[in-house]
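Chain by chain, the residues:
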Amino acid sequence: DTGVSQNPRHKITKRGQNVTFRCDPISEHNRLYWYRQTLGQGPEFLTYFQNEAQLEKSRLLSDRFSAERPKGSFSTLEIQRTEQGDSAMYLCASSLEVREQFFGPGTRLTVL
Amino acid sequence: SQQGEEDPQALSIQEGENATMNCSYKTSINNLQWYRQNSGRGLVHLILIRSNEREKHSGRLRVTLDTSKKSSSLLITASRAADTASYFCATDSQNFVFGPGTRLSVLP
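So, how was this worked out
- Residues numbered from 1 in each chain as written.
- Chains lettered and ligands numbered in written order.
- Predicted model: local features only at pLDDT ≥ 70, side-chain atom pairs only at ≥ 80, totals over all residues.
- Heavy atoms only, no water.
- Pairing = 2+ DSSP bridges.
- Helix = DSSP H or I, 4+ residues; strand = E, 2+ residues; numbered from the N terminus.
- Axes fitted to C-alpha atoms, helices over the stretch in contact; angles between N-to-C directions.
- Salt bridge = Lys/Arg side-chain N within 4 Å of Asp/Glu carboxyl O.
- Buried < 20%, exposed > 50% of the residue type's maximum accessible area, 1.4 Å probe, protein only.
- Polar contact = N/O pair within 3.5 Å; in protein donor to acceptor, adjacent residues only side chain to side chain.
- Contact = heavy atoms within 4.5 Å.
- Buried area = accessible area lost by both parts, 1.4 Å probe.
- Phe/Tyr/Trp six-rings, centres within 6.5 Å; stacked < 30°, edge-to-face > 60°.
- Lys NZ or Arg CZ within 6 Å of the ring centre and 35° of its normal.
- Disulfide = S-S within 2.5 Å.

Engineer: Describe the sheet that holds strand 3 (residues 19-24) of chain A, and please don't skip the residues or the numbers.
Structural biologist: In sheet architecture, strand pairing relies on hydrogen bonds along the backbone and comes in two forms, parallel and antiparallel. All names here are of chain A. Pairing in this open sheet of four strands is antiparallel, and the strands run 1-3-8-7 from one edge to the other. Each edge of the open sheet is held by one strand with a lone partner, namely strand 1 (5-7) and strand 7 (65-68). With direction set aside, neighbouring strand axes in the sheet form an average angle of 15°.

Next up, the structure:
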């Protein structure tokens, strides 16, 4: 247990539905990252926050994806109008400045 | 293309042997990190090496960094079955880009 938690751990949804994932980072960490990982691949960067500010967003992230970190603590990642290609493991990580990242267990999304 | 590229993609060794994995990257970095991921689990940070360091040790792990060749290696000595996992390198440029990983299998 790294101290980073993610909920839910698994989500099955039908194509076209909206889903929201939550990440609770280590409390003193100011940076929070979201990644997507598919089978056999490394984590793919989606976006990151420094405190409550979203500083970077991958070009791979379509307009259907949005992330928030309203009080600089927990974060949510929402996917609207899900597609089958969104099926993946969504990983959250936190760090203190630009140091080692501590990853949560991930949320596995299956879009039917 | 990915910033970090691990090599080999897969490695199978006997328990007790050493395992060496390599990572190449493309742009300048401040630090490079190695992570382990067991099947279906999140990533676990193993070791961070800064750009001004050439070698770092942590238990049975030894990491080297050659910034002139833009490459790093991870050596696991006296491997155990529990070391079976995927290993990833990540650089701090371009918002932590991970390679596809090396899948290590340690056979008992």
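Engineer: Which residues make up the pattern of salt bridges, and what are the values?
Structural biologist: Think of it this way: side chains of opposite charge can pair up when their charged atoms draw near. Residues and elements named next belong to chain A. As enumerated under the stated definition, the model contains seven salt bridges over all chains in all. Across the pair Arg36 and Glu44 runs a salt bridge, and its minimum N-O distance is 3.2 Å. Exposure remark for Arg36: the relative accessible area of 13% places this residue in the buried category. Among the residues examined, Glu44 registers a relative accessible area of 28% and is labelled partly exposed. Residues Arg64 and Asp86 are paired through a salt bridge, measuring 2.8 Å at the closest nitrogen-oxygen approach. Residue Arg64 is located in the loop between strand 6 (53-57) and strand 7, and its partner Asp86 is located in the loop between strand 8 (75-79) and strand 9 (88-95); the two are separated by 22 residues in the primary sequence. In this structure Arg64 comes out as buried when scored by relative accessible area, which is 10%. A relative accessible area of 3% means that Asp86 is categorised as buried. Taken together, the salt bridges that share partners define one network made up of Arg64, Glu83 and Asp86.

Engineer: Before we move on, can you summarise the side chain of Gln101 of chain A with the specific residues and values?
Structural biologist: Residue and element names in this part refer to chain A. Looking at where Gln101 falls in the secondary structure, it is placed in the loop between strand 9 and strand 10 (102-103). Under the relative-accessibility criterion, Gln101 is labelled buried at 0%. One polar contact links Gln101 to Tyr35, side chain to side chain, over a distance of 2.9 Å.

Engineer: Outline the interface of chain B and chain A, supporting the account with residue identities and numerical values.
Structural biologist: Listed by partner, the interface residues are 19 residues for chain B and 19 residues for chain A. For the pair chain B and chain A, the summed buried area comes to about 1,400 Å², and 55% of that belongs to carbon and sulfur atoms. Here chain B is connected to chain A by zero salt bridges. Along the contact surface separating chain B from chain A lie two residue pairs in polar contact (both at pLDDT 80 or more). Per-element tally for the side of chain B that touches chain A: the top contributor is strand 4 (residues 31-37) of chain B, with four residues.

Engineer: Tell me about the packing of aromatic side chains, and name the residues and values.
Structural biologist: One pass over the structure, following the stated rule, counts 10 aromatic pairs over all chains. Their ring planes at 40° and their centres at 5.4 Å tell us that Phe21 of chain A and Tyr90 of chain A sit as a pair that is tilted. Of this pair, Phe21 of chain A sits in strand 3 while Tyr90 of chain A sits in strand 9, and the two are 69 residues apart along the sequence. This pair shows no difference in class: Phe21 of chain A is buried, exactly as Tyr90 of chain A is. Summarising the aromatic geometry, the rings of Tyr33 of chain A and Tyr35 of chain A are spaced 6.2 Å apart at their centres and angled 20° between planes, so their arrangement reads as stacked. Owing to a relative accessible area of 0%, Tyr35 of chain A belongs among the buried residues under this scheme. Taken together, the ring pairs connect Tyr33, Tyr35, Phe45, Tyr48 and Phe103 of chain A together with Tyr35 and Phe98 of chain B into an aromatic cluster. The positively charged end of Arg22 of chain A is found above the aromatic ring belonging to Phe74 of chain A, 3.9 Å away from the centroid.

Engineer: Describe the state of the cysteines, with residues and values.
Structural biologist: Disulfide: a covalent bond formed between the sulfur atoms of two cysteine residues. All names here are of chain A. Taken as a whole and judged by the stated rule, the model has two disulfides over all chains. Two residues, Cys23 and Cys92, share a disulfide whose sulfurs are 1.8 Å apart. On the S-S bond that ties Cys23 to Cys92, the torsion sits near -65°, and the link is left-handed. Separated by 69 residues along the polypeptide, Cys23 in strand 3 and Cys92 in strand 9 bring together distant segments of the chain. For Cys92, a relative accessible area of 0% puts it in the buried group.

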